[in-house]
Amino acid sequence: MRVDKVKLINFLSHDETTVTFKGDINVIIGHNGAGKSSIIDAINFALFKATRGKIDDMVKRGKASALVELELKMGNSLVKIQRSIPSRKELLFINDKLIARSAKEVNKKVEELGLDSRVVLTTMIVRQGEIENIFENLSDILKKVMMIDNLEKLTESNGRIRSIIMEYDAKIKASQDSEKRLKELREERDSKDKEILNLEQLIRKLDDELSALKQEESRLATEVNQLQEKAKIFHGLKTGLDRVERELSKLDQERKDLANIPQEIERLEKRQRKLKEIVEKKPDIIDLENAEKSLKDLNNRLKKLVQERDKIHADLKKKKELERFHIEYEKYKKNYDELKHIHEDFISTSRSLSDKRKSLNEIETKLRALPVTRKIDEIQKEIEEISQKINDLNTNMGAINSELDQIGKSMNALISAKEDKCPVCGGPLDELHKKQLLEQYNSREKELKERLKGLKEIQDSLQERMRRLNLELKNAQNNQSKAENYKEQISNLSREISELQEKVNRLQSLEEKYREASDKLKELDSSEREYLSLLGVNEEELDRREEEIATINHEIEEVSAKIQQLSSRLGGLTREDIGKAEKELRDLEWALSELIRKKGRVEQISERIESLLKQRDELRKEIEDLSFDQLELDRKRKDRDALRVQIETLQRDIGEKRGKLHEIIERRKQLESEITELTEKVKQVQDLSRAKERLEKLRRILSEGGLQSYLISTLKGRIENNLNDIMSMFNMSFARVILTFQESRSLSGKIDIQALDQNGQSLPIGMLSGGEKIAIALGLRLAIARSLMGSLGFMILDEPTIHLDSQRRAELLSVIQESMRVVPQIIVVTHDEEVLRIAEYVIRVEKVGGKSEVIEGVNQ
Ligand SMILES: Nc1ncnc2c1ncn2[C@@H]1O[C@H](COP(=O)(O)OP(=O)(O)OP(=O)(O)O)[C@@H](O)[C@H]1O
Ligand SMILES: [Mg+2]
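Along each chain, residue indices are assigned from 1 in the same order as the chain's sequence is written. Written order decides the labels, with chains lettered from A and ligands numbered from 1. With the structure being a predicted model, the display of local features is reserved for residues of pLDDT at least 70 and the display and counting of side-chain atom pairs for 80 or more, all residues being used for whole-chain, interface and lining totals. By convention in this description, side-chain values take in all heavy atoms of the structure and omit both hydrogens and water.

- The name an unreviewed UniProt entry gives the chain is DNA double-strand break repair Rad50 ATPase, with Metallosphaera hakonensis JCM 8857 = DSM 7519 as the organism.
- In the Sequence similarities (unreviewed entry) part of its UniProt record, the chain is described as follows: "Belongs to the SMC family. RAD50 subfamily." UniProt positions are given in the numbering used here, feature names are shortened, and annotations may be inferred rather than shown by experiment.

Pasting the structure below:
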């Protein structure tokens, strides 16, 4: 058998990895934590559902489920196992044919294929760093693989066999009680049978009694029913009679109450006549009231007319008094109207006169305000004088200037004279003469210039004076023209004023007349108004009023006469009296109609009484004919009820008895089944006792260690043989390996391992080399496996070289190579590159980004 392929999905550090195993020695290599052991874990899981931790921890972190698929080659068959976490899928195929489809079925099938989990997991699959553990744990491993520990547990004082024996004991003891109980139950059953017989007899007797009573009761019940029918009729008649008698007495009373109705009607009719007489006088009252009202109206009108007449009288008198003022008013009014335009003229003339005066005043003020200046001709004269002076001065200065020119020319001539002749005097010209002449000229020139300067100053002052005078003249001329203008205005205004004044004087007397008229009109205004208001009042108005007054007085007389007449007719009757009478009459008529209605009722009552009396007699006769006896009915009823009570009691008694009978029958049934059961139990006791005896024997054998010692000795031989077979293939220096069991019956002691050399000399295992020890360890594992399972298929070693020095590592590798002779397929897991030396096929595992990845290839 070989492991062909394993596929991991979301299993430990793998997302999705498929590993195929090729060749004899497969090496899975990679760094720590790369995901190598995870592959072995997947194989273990697929084969046996075995895991290193909790099953759920095998699912890759962050994933919901995991799946492992393992392919094994067995001869020509291909076995495929699928298992998932959570366990939804547990399948086993052989050559693609589905053989097992549940965890239980798959486990069973794996075992049938020769793979016992206990054996494989302790021998063929060697976990990281555990190769040599086999020496320490050999007895435990053997116990485990042979399940001897289970055998031991069976024989322990609280072991399984003992507990079964005790169970049997208890059952046997309980069954012994059953026999006694069975006897009791049988006795009880017999007594119940007797009870049932008695009860059945009694019930039959009671049933007979009951039917006799029921017959009697039904006879009585019929009689009572007949009497009750009669009673019903009797009561019907009786109620009818009562009703008739009640109505009769009621009607009788009513008839008595209505006896004095006719007298009452007569009395009311009399009163009615009297009231009608009063009510008939109602129109007179209305006439009287109307007459009184019109009298009142007439008096009011008369009063008003008298007032009006008196007023007209007074007004006429006043009008006459005012006539005089009115005439006067008319006169002044005429004057006033005529003078009105003159007054207006006067007013406007006076106003313009005062305006003119005001203007005159203003101009005169202005004239007076003009500045005072010299007279124009006076100024002009001075100007002429000054200008004469300036002229004289200019002449003077002209003479001087021409003399200066002359001097200048003479001097020039003198200076430039070349001849010896004096240009001035015509005499001889010597230097002295020249000099004298020049001096004369110079002093004259100087003198002349001095004079010229003095004259110039005078000229300036004169010119200044001249300028001022011109200015003065201009002002004077200006003033003069203004003054002339003002004066002209003044004269004009004065003329106008005098004209206006003259006109005012002329109008003055008329104006006064106007004023007088105006004042008079004001004075007369109120009397005039009054007069005008009375203008419409006249004598005819007065006459008309007097006439009306006479007419009304006449009417008043007539109405008064009528009132007197009506009053005497009514004789002191008031409207209130009539109202009262009317109301009383209405009430009375109503009462009267009520009484008349009642009178009719009396007749009805008499008729009804007669018919009721007849009914009463008939009913009395019917009751007599019925001859119903209430006492008889009561008596019979009592008898019947007593009978019913008797029947009920009897029925209850029978019911109780029947219930009891039922209970006893039930109990009897129960007893019967208990008896059958117990009979069966008692029979089992014999079987149990036999079984117990056999078990005790087995326990004895097991605890004496017979079976174990047999198994152990057989196994020891097989393992030893197999081991030496294997060791012979390992090419070692020693000839044989011997296992010595210190406690050969129970495997509880140590197992000694000795190697024998060619000369038969023995060496304890501790004295052997590392490689030799590993070889024996591996050999032992393989030997045990083979002893229990026959041929071997594969061996898996996880990190076998860990903690080994290079010497031992080399030895181990050669042992592994040699093991190929025993197991056809070896899978080594390692991070040690040196191991590659023995590999045929290399499976490289790396962790990339939290996920394990695999690269496979044949070793180069
Ligand atoms: N459920 C899980 N999901 C994801 N990763 C896990 C899970 N359980 C364990 N691991 C990680 O998977 C990685 C691989 O573990 P594995 O035992 O296969 O390593 P290895 O290659 O055998 O390393 P070593 O050489 O140290 O034995 C480790 O880093 C471990 O922490
Ligand atoms: Mg590992």
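Next comes the rest of the write-up.
### Concerning the overall build of the chain
Point 1. When its secondary structure is counted, the chain shows 16 helices and 15 strands.
Point 2. Here the C-alpha atoms of the chain give a radius of gyration of 90 Å, more than 25% beyond the 29 Å that 2.2 N^0.38 yields for 860 residues.
Point 3. Overall, the chain is about 200 × 195 × 45 Å in size when its C-alpha atoms are taken along their principal axes.
Point 4. For the chain, the proportion of contacts with a sequence separation of at least 24, taken over those separated by at least 6, is 75%.
Point 5. Working note: accessible area of the chain is about 53000 Å², and carbon and sulfur atoms make up 49% of it.
Point 6. When charges are counted, neither His nor the chain ends are considered; positive counts come from Lys and Arg and negative counts from Asp and Glu. By convention, the charge on Lys lies at NZ, on Arg at CZ, on Asp at CG and on Glu at CD. Within the chain, the 164 negative side-chain charges are centred at a point lying 4 Å from the centre of the 161 positive side-chain charges. Strands here are runs of E lasting at least two residues and helices are runs of H or I lasting at least four, both read from the DSSP assignment and numbered beginning at the N terminus. The globule rule used for comparison is 2.2 Å times the number of residues to the exponent 0.38, while the radius of gyration itself is calculated over C-alpha atoms. Contact definition: two residues touch when any of their heavy atoms are within 4.5 Å. Note on areas: these come from Shrake-Rupley sampling with a 1.4 Å probe, and a residue is covered only by the protein chains present in the view.

### Quick look at the side chain of Gln82
Point 1. Looking at the element boundaries, Gln82 is found in strand E5 (residues 77-85).
Point 2. When its relative accessible area of 9% is taken as the criterion, Gln82 is described as buried.
Point 3. Pairing of N or O atoms within 3.5 Å defines a polar contact, subject to two protein rules: one partner must be a possible hydrogen donor and the other a possible acceptor, and residues neighboring in sequence count only if both atoms are side-chain atoms. At 3.0 Å, the side chain of Gln82 and the side chain of Glu69 are in polar contact.
Point 4. With near-sequence residues (within four places) excluded, Gln82 lies in contact with Val68, Glu69, Lys89, Glu90, Leu91 and Phe93. A 1.4 Å probe rolled over the protein chains alone gives each residue an accessible area, and that area as a share of the maximum for its type sets the label: buried under 20%, exposed over 50%, partly exposed in between.

### Considering the pairing of strand E4 (residues 66-74)
Point 1. Here E4 lies mainly inside the structure; eight of its nine residues are buried.
Point 2. Two strands are counted as paired when DSSP detects at least two bridges linking them. Relative to E4, strand E1 (residues 2-11) is paired through seven bridges, and the arrangement is antiparallel. Residue Lys5 lies in a different strand from E4, and its bridge partner there is Glu71.
Point 3. Examined bridge by bridge, E4 and E5 share nine bridges and lie antiparallel to one another. Along E5, the bridge assignment pairs Glu69 with Gln82.

### Observations concerning the site of ligand 1
Point 1. Taken together, 18 residues lie near ligand 1, and Gly33, Gly35, Lys36, Ser37 and Ser38 sit nearest.
Point 2. At 2.8 Å, a side-chain N or O of Lys36 approaches an oxygen atom of ligand 1.
Point 3. A distance of 2.8 Å separates an oxygen atom of ligand 1 from a polar side-chain atom of Ser37.
Point 4. In the complex, the protein chains occlude 77% of the 650 Å² of accessible area that ligand 1 would expose alone.
Point 5. Grouping the constituent residues of the shell around ligand 1 by class yields three nonpolar, eight polar and seven charged. A single heavy atom is enough: if one lies within 4 Å of a molecule or strand, its residue is considered near that molecule or strand. Only Asp, Glu, Lys and Arg are considered charged in this grouping, and only Ala, Val, Leu, Ile, Met, Phe, Trp, Tyr, Cys and Pro are considered nonpolar; every other residue, Gly among them, is considered polar.

### Considerations on helix H11 (residues 539-570)
Point 1. Here H11 spans 47 Å end to end across 32 residues, near enough to the 46 Å set by a 1.5 Å rise per residue.
Point 2. Leu542, Arg545, Ile549, Ile552, Ile556, Val559, Ile563, Leu566 and Leu570 are the residues of H11 that are buried.
Point 3. Those residues of H11 that are buried lie in contact with helix H8 (282-369).
Point 4. The first or second residue beyond H11 is Gly571, which carries a positive phi of 55 degrees. The span one expects for a helix is its residue count, reduced by one, times 1.5 Å.

### Structural notes on the sheet that holds strand E11 (residues 762-764)
Point 1. Taken together, three strands build an open sheet; the order of strands is E9-E10-E11 and the sheet is antiparallel. The open sheet has two free edges, formed respectively by strand E9 (736-741) and E11, since each of these has just one partner strand. On average, each strand axis in the sheet is tilted by 35 degrees relative to the strand beside it, whichever way the strands run.
Point 2. A fitted line through C-alpha atoms serves as each axis, taken over the contacting stretch for helices, and the angle formed by two N-to-C directions is quoted from 0 to 180°. Contacts from helix H4 (residues 133-146) reach E9 and strand E10 (751-756), with the element oriented near 120 degrees to E10.

### Description of the state of the cysteines
Point 1. In what follows, a disulfide is any cysteine sulfur pair within 2.5 Å. In the structure shown here, the tally under the stated rule is zero disulfides.
Point 2. The thiol of Cys422 is unpaired, and the distance to the nearest cysteine sulfur, on Cys425, comes to 3.1 Å.
Point 3. Taking the relative accessible area as the measure of exposure, Cys422 reaches 2% and is therefore buried.

### Some thoughts on unusual backbone geometry
Point 1. Cis geometry marks the peptide bond from Ile85 to Pro86; its omega dihedral reads -10 degrees.
Point 2. Within the secondary structure, Pro86 sits in the loop between E5 and strand E6 (90-94).
Point 3. Within the chain, Lys49 stands out as a residue other than glycine whose phi angle is a positive 60 degrees.
Point 4. Among the secondary structure elements, Lys49 is positioned in the loop between helix H1 (36-48) and E4.
Point 5. Phi is positive for Glu799, which is not a glycine, with a value near 50 degrees.

### Considering the packing of helix H7 (residues 261-280) against helix H12 (residues 575-626)
Point 1. Packing of H7 against H12 leaves a shortest axis separation of 9 Å and a crossing angle of 155 degrees. Our classification of the angle between H7 and H12 gives roughly antiparallel. Considering how the two elements wind past one another, H7 and H12 form a crossing that is left-handed.
Point 2. Here the residues of the contact of H7 with H12 are counted per class, giving 14 nonpolar, one polar and nine charged. Orientation is classified from the angle alone, with under 35 degrees giving roughly parallel, over 145 giving roughly antiparallel, 65 to 115 giving roughly perpendicular, and any other angle giving oblique. Note on convention: near helix rotated counterclockwise from far helix by under a right angle means a left-handed crossing. Clockwise means right-handed.

### What about the domain arrangement of the chain?
Point 1. Residue ranges assigned to each domain were obtained from an automatic or database domain assignment. Domain assignment breaks the chain into domain 1 (2-129 + 794-858) and domain 2 (356-533).
Point 2. Domain 1 and domain 2 are separated by 157 Å when their C-alpha centres are compared.

### Looking at a negative patch on the surface
Point 1. Together, Glu539, Glu540, Asp543, Glu547 and Glu548 make up a negatively charged patch on the protein surface.
Point 2. Its place among the elements puts Glu540 in helix H11. What goes into a patch is any residue over 30% in relative accessible area without a salt bridge, connected to like charges within 9 Å or, for nonpolar side chains (Val, Leu, Ile, Met, Phe, Trp, Tyr), within 5 Å. Here, a salt bridge means any side-chain nitrogen of Lys or Arg that lies within 4 Å of a carboxyl oxygen of Asp or Glu.

### Thoughts on the packing of H8 against helix H10 (residues 431-533)
Point 1. Where H8 contacts H10, the two axes come as close as 3 Å, and the packing angle between them is 160 degrees. Taken together, the axes of H8 and H10 lie roughly antiparallel to each other. Here H8 runs over H10; the crossing is left-handed.
Point 2. The residue inventory of the contact of H8 with H10, partitioned by class, reads 26 nonpolar, 13 polar and 22 charged.

### Let's talk about the nonpolar core
Point 1. Val6, Phe11, Phe21 and Leu780 are the most contacted members of the largest nonpolar core, which totals 101 residues.
Point 2. Looking at this core element by element, the count peaks at eleven residues for helix H15 (residues 770-789).
Point 3. When near neighbours in sequence (up to four residues on either side) are disregarded, Phe11 contacts Ser38, Asp41, Ala42, Phe45, Met58, Lys60, Ala66, Val68 and Ile85. Remark: nonpolar core denotes a set of buried residues (Ala, Val, Leu, Ile, Met, Phe, Trp, Tyr, Cys) joined through side-chain atoms within 4.5 Å.

### Things to note about the environment of Leu768
Point 1. Tracing the backbone through its elements, the reader meets Leu768 in the loop between E11 and H15.
Point 2. The sequence separation of Leu768 and Asp420 amounts to 348 residues, and the corresponding C-alpha distance is 187 Å.
Point 3. If sequence neighbours within four positions are ignored, Leu768 has contacts with Ala755, Leu763, Lys773 and Ile776.

### As for the pattern of salt bridges
Point 1. In the structure shown here, the tally under the stated rule is 70 salt bridges.
Point 2. Salt-bridge contacts for Arg601 lead to Glu254; the nearest nitrogen and oxygen are separated by 2.9 Å. Of this pair, Arg601 sits in helix H12 while Glu254 sits in helix H6 (residues 160-257), and the two are 347 residues apart along the sequence.
Point 3. Judged by relative accessible area, which is 28%, Arg601 ranks as partly exposed.
Point 4. Taking the relative accessible area as the measure of exposure, Glu254 reaches 25% and is therefore partly exposed.
Point 5. Measuring nitrogen to oxygen at the nearest pair gives 3.4 Å for the salt bridge that ties Lys636 to Glu632. With a gap of four residues between them, Lys636 and Glu632 both fall in helix H13 (residues 630-703), about one helical turn apart.
Point 6. Salt bridges linked by common partners bring Glu216, Arg219, Glu223, Glu632 and Lys636 together as one network.

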